[in-house]
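Residue-level structure breakdown
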Amino acid sequence: MAHDEIVLHEGDLVLVLGSGGGIDVLPSARRVGPTGRVYGLDATSDMPSLARDNAAQAGVTNTEFLHGTIEHVPLPGRAVDVVISNRVVDLSGDRAAALAEAFRVLRPGGRFGVGDVVTEDAVPDQDLRRRTETRIGCEAGSLTAGEYRTLLLDAGFTGITITPTADHGDGVHSAVVKAAKPPVAPGFEIRPMRAEDAGQVLSVYQLGLDTGHASFETTAPAWETFSSARLGHLRYVVADTRTDQVVAWVAASRVSARPVYAGVVEHSIYVHPDHGSRGLGRALLNAFVTASEDAGVWTVQSGVFPENTASLALHQAAGFRVLGTRERIGRHHGVWRDVLMIERRSPAI
Ligand SMILES: C[S@@+](CC[C@H](N)C(=O)[O-])C[C@H]1O[C@@H](n2cnc3c(N)ncnc32)[C@H](O)[C@@H]1O
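Residues numbered from 1 in each chain as written. Predicted model: local features only at pLDDT ≥ 70, side-chain atom pairs only at ≥ 80, totals over all residues. Heavy atoms only, no water.

Let us look at the overall build of the protein chain. The secondary structure content of the protein chain amounts to nine helices and 15 strands. The C-alpha radius of gyration of the protein chain comes to 23 Å, within 12% of the 20 Å expected for a compact globule of 349 residues. Each principal axis of the C-alpha atoms in the protein chain carries an extent, and together these give about 75 × 50 × 35 Å. Expressed as a percentage of the 349 residues in the protein chain, the buried residues total 51%. Once local pairs closer than 6 in sequence are excluded, the contacts in the protein chain between residues at least 24 apart make up 68%. Taken as a whole, the protein chain presents about 15,700 Å² of accessible surface, with 51% of it coming from carbon and sulfur. Here the protein chain carries 33 positive and 41 negative side-chain charges, and the mean point of each set is 5 Å from the other. (Helix = DSSP H or I, 4+ residues; strand = E, 2+ residues; numbered from the N terminus. Rg over C-alpha atoms; globule rule 2.2 N^0.38 Å. Buried < 20%, exposed > 50% of the residue type's maximum accessible area, 1.4 Å probe, protein only. Contact = heavy atoms within 4.5 Å. Areas by Shrake-Rupley, 256 points an atom, 1.4 Å probe, with all protein chains shown as cover. Lys, Arg positive; Asp, Glu negative; His and termini not counted. Charge placed at Lys NZ, Arg CZ, Asp CG, Glu CD.)

Structure, rendered in structure tokens:
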């Protein structure tokens with residue numbers, strides 16, 4: 001890929017992973033213009049100087065060539081608008097680390113677009129597959145489309161598309177892989193929830209419970225109870241980028257072990273009461289909905305107290321509808337309360 005397959009805008013800051021002699025860097029630098037900049041990163045020590053010479057010969061000045069690996073990118077977090085590459089992620093022995101680094105260096109709303117080798121999910125003959133991968137120089141072995149999608153989701157990407165291009169036979173394809181880092185208001189970042197977030201997640205949870213309008217629960221559970229009751233993926237936080245303080249979270253659980261409901265989840269979303277404005281809840285819910293579709297979820301459901309009009313409006317704006325009212329379904333501080341059942345059926349899955 002990818003300079004001609006991902007849209008670059010005037011002024012974009014772009015990182016090219018495994019930039020070699022600069023074949024993707026130079027046209028990208030022309031596209032982003034004098035207000036933009038393109039970083040080329042390569043692990044081979046002589047490649048950056050070769051690429052610098054090529055840029056000088058081409059009269060391109062808005063480039064910077066860095067020596068380093070895609071698994072440890074020598075740039076600060078949220079430094080670029082776009083990450084692109086061509087046939088490099090498939091060379092990595094640690095793709096999870098490479099994708100986590102791409103996510104880290106992208107600003108919220110930033111785009112990821114790479115050309116890579118991807119195998120169909122159901123490949124009949126592993127020996128044939130391996131022979132084809134060796135023939136096309138994919139020495140580390142390709143990921144299946146499903147494995148690639150899971151790694152991108154684990155890194156925090158959403159809006160994932162994997163589009164096969166050239167067919168190399170035996171289920172092995174070249175493919176264009178695109179994804180995005182979820183957008184959110186300046187000063188914040190939406191990223192996967194980590195075990196280290198436990199204390200802050202539970203404290204935002206407790207603040208929500210204290211309002212009396214979030215849940216029948218009155219006390220946030222211990223982390224182990226919280227975590228084991230929810231899916232390991234599809235859990236995200238909004239963090240303040242300056243302090244890394246968690247100001248909102250979303251997580252989901254399966255509604256049933258029956259296979260027919262494999263794509264149905266129930267979610268909860270909590271926003272710190274001091275951070276109710278700036279659209280953080282909306283951005284987080286949109287990221288969650290997009291990620292759930294990326295993960296093959298077709299229905300997200302939840303229950304909301306009718307008095308929680310802010311939550312209802314938030315969910316309706318994200319495509320949820322009210323199914324009905326469960327009347328006096330449970331007691332909260334001794335009072336029987338109604339719950340509105342809401343759900344969003346994905347139009348895409
Ligand atoms: C197949 S070439 C592609 C180069 C360039 N994208 C092109 O189309 O000409 C792979 C490049 O990625 C670099 N590379 C491979 N693994 C890398 C890694 N883990 N970190 C950084 N660069 C890497 C190699 O040094 C090489 O220059």
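This brings us to the pattern of salt bridges. In total, this model carries 15 salt bridges according to the counting rule given. Note that R107 is salt-bridged to D81, the shortest N-O span being 2.4 Å. Of this pair, R107 sits in strand β5 (residues 106-119) while D81 is found in strand β4 (residues 80-86), placing the two residues 26 residues apart along the sequence. By relative accessible area, R107 is classed as partly exposed at 29%. Classification of D81 by relative accessible area gives buried; the value is 11%. Residue E307 is joined to R337 by a salt bridge in which the shortest nitrogen-to-oxygen separation is 3.1 Å. (Salt bridge = Lys/Arg side-chain N within 4 Å of Asp/Glu carboxyl O.)

Turning next to the site of the ligand. In the neighbourhood of the ligand, 15 residues make up the surrounding shell, with I23, D42, T44, I70 and E71 lying closest. Take I70: an N or O atom from its main chain is 3.0 Å from a nitrogen atom of the ligand. One of the backbone nitrogen or oxygen atoms of N86 is found 3.3 Å away from a nitrogen atom of the ligand. Protein coverage of the free-state accessible area of the ligand, which is 590 Å², stands at 73%. Taken together, the residues of the shell around the ligand break down into five nonpolar, six polar and four charged. (Near = heavy atom within 4 Å. Polar contact = N/O pair within 3.5 Å; in protein donor to acceptor, adjacent residues only side chain to side chain. Nonpolar A, V, L, I, M, F, W, Y, C, P; charged D, E, K, R; others polar.)

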